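Read off the chains here:
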Amino acid sequence: MTTLTYTSLEDITKIHQRARDAFLSGKTKSIAFRKEQISQVGYLLKDNEQRIKDALKLDLGRHEIETEFFDFAAVYIGVRTAYDNVESWAKLQRAEFNLNFFAMSPKLKAEPKGVALLVSPFNVPVYLTLSPLVSAIAGGNAVVIKPSEQTPAYSALLAELVPQYLDNDLYHVVNGGPQEMTKVLELRWDHIFYVGNGRVGRIIAEAAAKHLTPLTLELGGKNPVVLDPKCDLQLAARRILWGRFSNTGQICLCPEYVLVPRDFQDTLVEAMKEVYHSFYPEGPEKSDSLSRIVSQAHAARVKRLIDETKGTIVLGGQADVESRFVAPTIVRDVKGDDPLMQDEIFGPVLAIVPVDSIDEAIAFINARDTPLAVYVFSQDKAFKNKVFENTRSGAAVANETVITAGIPGLPMGGVGGSGYGYYGGKHAFDEFTHLRVSIDNPGWVDKVAFGFRYPPYKPTKLIAMLSPSLPPRVGKTPNAATKRWAFWLAVVLVGAASALLTVPGSGLLSSRSKL
């Protein structure tokens, strides 16, 4: 196991001040500078792919294919998207036209929040560090990264590479455990981005509240699958088990449990057995396609859940805490009060919960914290709609699991107990910026329209002209006066156009007379 050098408490304070001073220097206002740094994030990854794969093999026992798919691909997409679009994202925008206020030239512009803190997790550490880093850079922020101490090889490598590729004053890495994290949270940040569990999320939110610091929190949760017995069963079994067992179940979007019709449970289990043996033909212990749990403590926690379940283990169940191995496990006949259903498992254990109807499945989901995703496997549009329209979640996904986080244009984020805020593409840029509005009001506007606001006040109808008419009352037809205004406005415009066309020496008639 790699030994990770922790940042001293004194240096944490110095790093924070250095980042703030660098931000206040105005260096990040340059879009060209931001693009250079975004590009450098991409090459930090590209130039060191094998070193990062090796680090994650040490930390997570992970196969290179999973690292390339879950970590690398989405970062490259994010780098390219931000590099190509940051100029338009940060461009000064005109407000929508309003006849009463257009003379004031109302505009808005996305400006950086300041110094951002990124607290990244252990499970998909490259993506969940570099992706928000790219977004924060695109937004013009200085950034301090606090990676997980549970992935020491990767976190040490990140601390080595960031100063080699990025501006040394603006972008920093702080390594450490609870003591260092406590020190970090004592400082004032302009935005905090955190991915992890709800317990730590509440601690971070409480610390942020002391400084009124805005947050992006992605907290995972227990993501359900609702299975239609008429679905493509082989496809469903393959994609559910892939989603549950990838990265040894240590993905916030992993399906946690399957709600299946009671009389279809046996059929589903048989289909899953077939897929399971195709995934691990020599058994999961010998498979190089199965990652390891991040730590012995987490492995012991998952093992305890397996040991305590009242359901029936139909596949897997073995665990070796010392080697951080937990076999992919399927448990049937799981009830709502089972230990497997209390908290997010974050391990390779799939619970199968039999229900008597789709309505019972929906009620089961709604009785728990709002999940990050609700999955449905069905070819029936009405079935899918019924589940999605009667539940809440960060994502509503049909006939697939997990991969929505990497699809360009789709923000990643939760609601309620699964967190708030977004990351990915333009949505993440919006998280790390605020809209600064502006007007420039010429003096003549007071003479034409806004002079009434100065004392001494006098009766005026100009205030009423600033407000649009209300929509019709419930049960009433649209106001006839609104139609009359539209009619008379059209008459005036037509009349004005006619006058211009018929004045000698001007307009279209004048142009034709010269032909």
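None of the values given here were measured: they were computed from a predicted structure.

Caption draft 1: View of the sheet that holds strand β1 (residues 93-94). In spatial order, the strands read β1-β2-β18; together these 3 strands make up an open sheet with antiparallel pairing. Where the open sheet ends on each side, the last strands, each with one partner, are β1 and β18 (433-438). By the bridge criterion, 6 bridges tie strand β2 (residues 107-112) to β18 in an arrangement that is antiparallel. Bridging from a neighbouring strand, P112 pairs with T433 of β18.

Caption draft 2: Molecular detail of the pairing of strand β16 (residues 395-398). Side chains A395 and V397 project from β16 onto a buried face, and the interleaved A396 and A398 project onto a face without burial. Across 4 bridges, strand β15 (residues 373-377) lies against β16 in parallel orientation. Across the sheet, Y375 pairs through a bridge with V397, a residue of β16. Traced from β15 through helix α13 (residues 381-389) to β16, the parallel crossover comes out right-handed.

Caption draft 3: Quick look at the pairing of strand β4 (residues 142-146). Among the 5 residues of β4, 5 are classified as buried, and the element is accordingly described as predominantly covered. Where burial is concerned, the two faces of β4 agree: the one with A142, V144 and K146 and the one with V143 and I145 are both buried. Alignment of strand β3 (residues 115-119) against β4, held across 5 bridges, turns out to be parallel. The residue bridging V115 from the neighbouring strand is A142, located in β4. Crossover connection from β3 via helix α5 (residues 127-138) to parallel β4: handedness right-handed. Alignment of β4 against strand β5 (residues 171-173), held across 3 bridges, turns out to be parallel. When the sheet's bridge partners are listed, V144 is paired in β5 with H172.

Caption draft 4: Main features of the packing of aromatic side chains. Following the criterion strictly, the structure yields 15 aromatic pairs and no others. With a centroid separation of 6.0 Å and 65° between ring planes, the pair formed by F69 and W242 is classed as edge-to-face. In this pair, F69 sits in helix α4 (residues 64-89) while W242 sits in helix α9 (residues 233-245), placing the two residues 173 residues apart along the sequence. One aromatic cluster in this structure is built from Y127, F193, Y423 and F432. The ring of Y83 carries the charged tip of K35 above its face, separated from the ring centre by 4.5 Å. Across the ring face of F364, the terminal group of R368 is positioned such that the distance to the ring centre comes to 3.6 Å.

Cut-offs and rules
- Residues numbered from 1 in each chain as written.
- Predicted model: local features only at pLDDT ≥ 70, side-chain atom pairs only at ≥ 80, totals over all residues.
- Heavy atoms only, no water.
- Pairing = 2+ DSSP bridges.
- Helix = DSSP H or I, 4+ residues; strand = E, 2+ residues; numbered from the N terminus.
- Buried < 20%, exposed > 50% of the residue type's maximum accessible area, 1.4 Å probe, protein only.
- Right-handed = clockwise from strand over helix to strand, strands pointing away.
- Phe/Tyr/Trp six-rings, centres within 6.5 Å; stacked < 30°, edge-to-face > 60°.
- Lys NZ or Arg CZ within 6 Å of the ring centre and 35° of its normal.

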